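Each chain, letter by letter, is given below.
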Amino acid sequence: MLISEDVKLDYSDVLIRPKRSTLKTRASVDIERRYCFRNSKREWSGVPIMAANMDTVGTFKMHEALAQFHVTTCIAKALNTEEDWWKIAYKEKGREYIAIMAGISDEEMNRVVEVWNSTRMSFIGIDVANGYTIAVVDALKKLRDKLPQATIVCGNVVTADMTAELILAGADIVKVGVGPGSVCTTRVKTGIGYPQLSAVIECADAAHGLGGHIIADGGCNNSGDVVKAFAAGADFVMIGGMLAGHEECAGELVFEDDNPEPIGMQFYGMASETAMEKHGKLITNEYRGSEGKTVTVPYRGPVKPTIVDILSGLRSACTYVGASNLKQLSKCTTFVRVNNTHNTIYGV
Ligand code: 5GP
């Protein structure tokens with residue numbers, strides 16, 4: 001047994017120090033990025049924020065709403081076989097801003113290959129809770145062999161060594177985050193995890209050294225956390241809880257008494273009992289438990305004001321540190337460590 005004495009930090013452990021800046025307005029800040037991916041050699045440009053591929057958030061309606069802002073939606077796995085929706089999504093609504101993710105079973109991987117072959121969409125991916133297994137690396141190598149020109153996302157991991165391994169095995173973008181999610185219970189159930197800000201800094205460093213990219217996945221409770229993730233070196237930031245509770249989501253609505261207006265919406269983790277029940281993976285044996293929870297979040301109407309708010313927080317942060325575009329943000333950032341006391345409320 002070893003103990004690492006290095007201090008590791010979460011988003012709530014830091015703030016970003018303001019700096020002198022010559023930028024006059026936040027409107028002049030460019031928050032789009034243009035990337036050329038290491039293995040696929042494909043180019044992509046857009047606002048590098050992604051809606052998580054969770055049942056309630058990763059919907060085709062969410063894609064329709066977010067694509068207008070050049071923000072990507074990772075479609076929930078359960079919708080991977082919805083042939084008609086995929087046709088509409090990639091033909092009419094912007095295939096640059098949509099991704100298909102799956103587990104590593106042959107059936108799921110075959111569907112990803114099929115969808116990519118007919119769409120050439122921006123991102124495909126392998127998404128499993130534990131990206132450290134040899135089975136994940138093998139599935140990734142197979143997928144890369146089948147689709148040399150596809151931009152492949154793979155995760156989740158939290159350390160530099162595994163980030164490098166996945167990139168060398170064929171991933172273009174590594175998904176980083178074990179345990180930080182708003183409806184994740186992995187840390188309390190298993191004791192496994194890694195503070196997310198440090199994970200992002202260390203994995204970004206490893207990925208960038210090899211010409212790869214990373215997604216900071218989970219743990220952003222407000223636009224300030226999204227800013228901190230980019231400032232830490234993330235190329236993309238994936239959010240779930242911040243987008244929950246909107247009209248475009250697929251969560252069950254919650255009503256109070258006779259009031260016809262919904263007051264809340266269900267939001268659940270993809271490893272929660274609710275998700276297992278919905279996907280026929282109910283706990284039927286003694287060794288499989290849930291690692292996610294189900295919560296009710298306030299109903300918030302259309303997602304547009306929320307995404308506008310997140311993007312304006314990002315622009316504003318750039319003006320505070322003198323970054324004329326998102327690419328400069330990380331270079332212009334000095335984090336200061338603070339007591340872990342500020343808010344964690346969605347959207348605040
Ligand atoms: P959030 O933005 O809500 O903090 O985090 C979203 C991320 O949480 C997702 O992209 C995914 O990586 C992770 N996640 C979603 N559902 C579960 C779950 O049930 N268990 C765990 N451990 N992580 C989850």
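Cut-offs used in this document
Residues numbered from 1 in each chain as written. Predicted model: local features only at pLDDT ≥ 70, side-chain atom pairs only at ≥ 80, totals over all residues. Heavy atoms only, no water. Helix = DSSP H or I, 4+ residues; strand = E, 2+ residues; numbered from the N terminus. Rg over C-alpha atoms; globule rule 2.2 N^0.38 Å. Buried < 20%, exposed > 50% of the residue type's maximum accessible area, 1.4 Å probe, protein only. Contact = heavy atoms within 4.5 Å. Areas by Shrake-Rupley, 256 points an atom, 1.4 Å probe, with all protein chains shown as cover. Lys, Arg positive; Asp, Glu negative; His and termini not counted. Charge placed at Lys NZ, Arg CZ, Asp CG, Glu CD. Near = heavy atom within 4 Å. Polar contact = N/O pair within 3.5 Å; in protein donor to acceptor, adjacent residues only side chain to side chain. Pairing = 2+ DSSP bridges. Salt bridge = Lys/Arg side-chain N within 4 Å of Asp/Glu carboxyl O. Phe/Tyr/Trp six-rings, centres within 6.5 Å; stacked < 30°, edge-to-face > 60°. Expected span 1.5 Å × (residues − 1). Arc of directions from axis to C-beta. Right-handed = clockwise from strand over helix to strand, strands pointing away.

Regarding the overall build of the protein
- For the protein, the count of helices and strands is 11 helices and 14 strands.
- Against the globule reference of 20 Å for 348 residues, the protein gives a C-alpha radius of gyration of 19 Å, in line with a compact fold.
- Here the C-alpha coordinates of the protein stretch approximately 55 × 55 × 50 Å along the principal axes.
- Burial analysis of the protein (348 residues in total) assigns 52% to the buried set.
- For the protein, restricting intrachain contacts to residue pairs at least 6 apart in sequence, the fraction spanning at least 24 positions comes to 67%.
- Counting every atom, the protein has about 16200 Å² of accessible surface; 50% of that belongs to carbon and sulfur.
- Of the charged side chains in the protein, 37 are positive and 41 negative; the average position of the first set lies 9 Å away from that of the second.

What to know about unusual backbone geometry
- Cis geometry marks the peptide bond from Gly155 to Asn156; its omega dihedral reads 15°.
- By secondary structure assignment, the location of Asn156 is in strand β7 (residues 152-157).
- The phi torsion at His70 lies on the positive side, around 65°, for a residue other than glycine.
- Positive phi, normally seen in glycine, also occurs at Asp257, with a value near 45°.

Remarks on the site of the ligand
- Neighbouring residues of the ligand: 20 residues in total, closest Ser182, Asp217, Gly240, Ala271 and Glu291.
- For the ligand, an oxygen atom lies 2.5 Å from a polar atom in the side chain of Asp217.
- A distance of 2.8 Å separates a nitrogen atom of the ligand from a polar atom in the backbone of Glu291.
- Here the ligand loses 89% of its free accessible area of 520 Å² to cover by the protein chains.

Regarding helix α8 (residues 223-231)
- For α8, a buried count of 8 out of 9 residues is recorded, marking the element as mostly surrounded by other parts of the structure.
- Listed as buried for α8 are Ser223, Asp225, Val226, Val227, Lys228, Ala229, Phe230 and Ala231.
- Note on α8: the residue one or two positions beyond its end, Gly233, has a positive phi of about 115°.

Quick word on the sheet that holds strand β11 (residues 253-254)
- With respect to topology, 3 strands assemble into an open sheet ordered β11-β12-β13, the strand pairing being antiparallel. Looking at the sheet topology across the chains shown, the edges are occupied by β11 and β13 (294-298).

Some points on the pattern of salt bridges
- With the rule as written, the count across this model stands at 7 salt bridges.
- A salt bridge links Arg144 to Asp172; its shortest N-O distance comes to 2.6 Å. Here Arg144 is found in helix α4 (residues 134-146), whereas its partner Asp172 is found in the loop between α5 (160-168) and β8 (173-176), with 28 residues between them in sequence.
- Take Arg144: its relative accessible area is 11%, and that puts it in the buried class.

Quick word on the packing of aromatic side chains
- Under the counting rule described, the total for this entry stands at 9 aromatic pairs.
- Residues Tyr35 and Phe236 carry aromatic rings whose centres are separated by 5.2 Å and whose planes lie at 55° to one another, so their mutual orientation is tilted. Linking Tyr35 in strand β2 (residues 33-36) with Phe236 in strand β10 (residues 236-239), this pair joins segments that are 201 residues apart in sequence.
- Residue class for Tyr35 comes out buried when judged on its relative accessible area of 4%.
- Residue Phe236 is classed as buried on the basis of its relative accessible area, which comes to 0%.
- Centroid distance Phe37 to Phe123: 6.1 Å. Interplanar angle 75°. Geometry classified as edge-to-face. In this pair, Phe37 sits in the loop between β2 and β3 (43-51) while Phe123 sits in strand β6 (residues 123-127), placing the two residues 86 residues apart along the sequence.
- In this structure Phe37 comes out as buried when scored by relative accessible area, which is 2%.
- An aromatic cluster is built from Tyr35, Phe37, Trp44, Tyr97, Phe123 and Phe236, whose rings are joined through pairwise contacts.

Focus on α4
- Taking 1.5 Å per residue, 13 residues should reach 18 Å; α4 reaches 18 Å between its end C-alpha atoms and fits that length.
- Three or more residues of α4 are buried, namely Val136, Val137, Ala139, Leu140, Leu143 and Arg144. Burial along α4 is one-sided: seen end-on, the buried residues are contained in an arc of 165°. For α4, the exposed residues lying more than 90 degrees away from the buried face are Ile134, Lys142 and Asp145.
- Its buried side turned inward, α4 meets α3 (106-119), β6, β7 and α5.

Details of the pairing of β8
- Residues Ile173 and Lys175 line one face of β8 and the alternating positions Val174 and Val176 line the opposite face, and both faces are buried.
- In this structure, β7 lies alongside β8, joined through 4 bridges in parallel fashion. Considered in β8, the bridge of Val157 is made with Val176.
- Traced from β7 through α5 to β8, the parallel crossover comes out right-handed.
- With 4 bridges joining them, β8 and strand β9 (residues 213-217) adopt parallel strand pairing. Note on β9: the bridge partner recorded for Ile173 is His213.

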